[in-house]
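Here are the chains, one letter per residue:
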Amino acid sequence: MKTPRSAFTLMEMLVVVALLGTLAGIGAAGMRAADNMAREQRTRATLAKVNRFLMEKYASYQYRRIEMPTMTGTKQELQKERLKRLRQLQISEMPCQWDEVNGYSPYRLRRAKDIAQRNTNQTGGAANDTWELCSAELLYQIVMGMPEAEEAFNGLEVADTDGNGLNEFIDGWGTPIFYIRWPAGYVNTEEGANVTYPVISKLQTSIDIRDPFDPNNWENGYAVFPLIYSCGPDRMRGMNMGASGSAPCVKLAIGAPEAQEYFDNITNHNL
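Residues numbered from 1 in each chain as written. Predicted model: local features only at pLDDT ≥ 70, side-chain atom pairs only at ≥ 80, totals over all residues. Heavy atoms only, no water.

## Some words on the environment of Glu81
Then comes step 1: Here Glu81 is to be found in helix H2 (residues 75–93).
Then comes step 2: Note on Glu81: relative accessible area 18%, which makes it buried.
Then comes step 3: C-alpha of Glu81 to C-alpha of Pro69: the two residues are 12 residues apart in sequence and 9.4 Å apart in space.
Then comes step 4: Excluding anything up to four places from it in sequence, Glu81 contacts Met68 and Met71.
Then comes step 5: There is a polar contact of 2.8 Å between the side chain of Glu81 and the side chain of Arg85. (Helix = DSSP H or I, 4+ residues; strand = E, 2+ residues; numbered from the N terminus. Buried < 20%, exposed > 50% of the residue type's maximum accessible area, 1.4 Å probe, protein only. Contact = heavy atoms within 4.5 Å. Polar contact = N/O pair within 3.5 Å; in protein donor to acceptor, adjacent residues only side chain to side chain.)

## Examining the packing of aromatic side chains
Then comes step 1: With the rule as written, the count across this model stands at five aromatic pairs.
Then comes step 2: Ring plane angle 90° and centroid distance 5.1 Å describe the contact between Tyr58 and Phe213, whose orientation is recorded as edge-to-face. Placement of the pair is Tyr58 in helix H1 (residues 10–60) and Phe213 in the loop between strand S3 (178–180) and strand S4 (227–230), with a sequence separation of 155 residues.
Then comes step 3: Judged by centre distance (4.6 Å) and plane angle (40°), the ring pair of Phe153 and Phe169 falls under tilted. On the criterion of sequence distance, the pair formed by Phe153 in the loop between helix H6 (149–152) and strand S1 (158–159) and Phe169 in strand S2 (residues 168–169) is long-range, its members being 16 residues apart.
Then comes step 4: In textbook terms, an aromatic cluster arises when at least three aromatic residues are bridged by ring pairs, as seen for Phe53, Tyr140, Phe153 and Phe169.
Then comes step 5: The ring of Phe53 carries the charged tip of Arg52 above its face, separated from the ring centre by 4.5 Å.
Then comes step 6: When the ring centre of Trp182 is taken as reference, the NZ or CZ atom of Arg181 above it lies at 4.2 Å. (Phe/Tyr/Trp six-rings, centres within 6.5 Å; stacked < 30°, edge-to-face > 60°. Lys NZ or Arg CZ within 6 Å of the ring centre and 35° of its normal.)

## Observations concerning the pattern of salt bridges
Then comes step 1: For the structure shown, the criterion picks out six salt bridges.
Then comes step 2: The closest approach of N and O atoms between Arg44 and Glu40, which form a salt bridge, is 3.2 Å. Of the two residues, Arg44 and Glu40 are both situated in helix H1; the distance of four residues between them amounts to about one turn of the helix.
Then comes step 3: Between Glu100 and Arg181 there is a salt bridge, and its shortest N-O distance comes to 3.0 Å. Of this pair, Glu100 sits in the loop between H2 and helix H3 (107–123) while Arg181 sits in the loop between S3 and S4; the two residues are 81 residues apart in sequence, bridging distant segments of the chain. (Salt bridge = Lys/Arg side-chain N within 4 Å of Asp/Glu carboxyl O.)

## Side note on the nonpolar core
Then comes step 1: Counting 40 residues, the largest nonpolar core has Trp98, Leu139, Val143, Phe153 and Phe169 as the members making the most contacts within it.
Then comes step 2: Counting only elements with at least two residues in this core, the list comes to H1, H2, H3, helix H5 (134–144) and H6.
Then comes step 3: If near-sequence neighbours (up to four positions away) are discounted, Phe153 is found in contact with Thr46, Lys49, Val50, Phe53, Val143, Met144, Val158 and Phe169.
Then comes step 4: Counting residues in hydrophobic clusters, the runner-up holds seven residues, among them Leu133, Ala136, Phe178 and Leu227. (Core = buried A, V, L, I, M, F, W, Y, C linked by side-chain atoms within 4.5 Å.)

## Some words on the side chain of Thr43
Then comes step 1: Turning to its location among the elements, Thr43 is positioned in helix H1.
Then comes step 2: A residue is classified by how much of its surface remains accessible, and Thr43, at 0% relative accessible area, is buried.
Then comes step 3: Separated by 2.8 Å, the side chain of Thr43 and the backbone oxygen of Arg39 make a polar contact.

## Considering the state of the cysteines
Then comes step 1: All told, the structure shown has zero disulfides when counted by the stated rule.
Then comes step 2: Residue Cys96 stays outside any disulfide, its sulfur separated by 7.5 Å from that of Cys134, the closest cysteine.
Then comes step 3: For Cys96, a relative accessible area of 7% puts it in the buried group. (Disulfide = S-S within 2.5 Å.)

## Observations concerning the pairing of S4
Then comes step 1: Residues Leu227 and Tyr229 point to one face of S4 and Ile228 and Ser230 to the other, with burial holding for every one of them.
Then comes step 2: Of the strand pairs in this sheet, S3 and S4 are connected by three bridges, and their pairing is antiparallel. Pairing of Ile180 across the sheet is with Leu227, part of S4.
Then comes step 3: The pairing of S4 with strand S7 (residues 266–267) spans two bridges and is antiparallel. Bridge pairing in S7 links Ser230 to Ile266. (Pairing = 2+ DSSP bridges.)

Here's what the structure looks like:
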């Protein structure tokens, strides 16, 4: 006659533990995915607000009165001079590097540059190290200088991540949101590569869109729109940035090994 069992066998306990571990893993993965989705939605909401204010300012330059010197010349020469001065005004009022802040920049931008410079001198750090977040800090100053901007953002969207006394807009992962005024090299493929990347920008995939600030097309250029971007979940930009030889902009090149880091970026061009 068999004696009734009063406990689980070791094998049964191992099976139960394995099942519980599997269920916990599935649950944790689901929670991470839901958390990332919530952070992404929060990031997109912040980008949309920043984009609204920045594009409002950018579009206003189509109607700005430009102070011209007393000069003689053909109509074409005068229009080119006006365009040149308009570009200089955009650089002064919408800088994305500290070196672009000058005597014609708004006071809050000049004051922010002084704070950043003072912080560099006090810490004894290299300028390039302290300036790493300059475009994020300048973006904050540009947007907050506009009417109604301060009421549009809450405490979860703003932080001083490097502790230098200057705020930045932050994404859902707590990383600064960066900005490039003229991203003329922001393209949708890598030239000469076997891999074709997904469309990067819904705004800048065609050279048929003419520059709104140059209606007569004196520069034979095309429209570029400010790029506002979050690094995404990996917190890495995934962009190579260097000076362009001909365009008044930062030249971007998307390619290995930065390409994989780029793919999770969230930008105002693809909201």
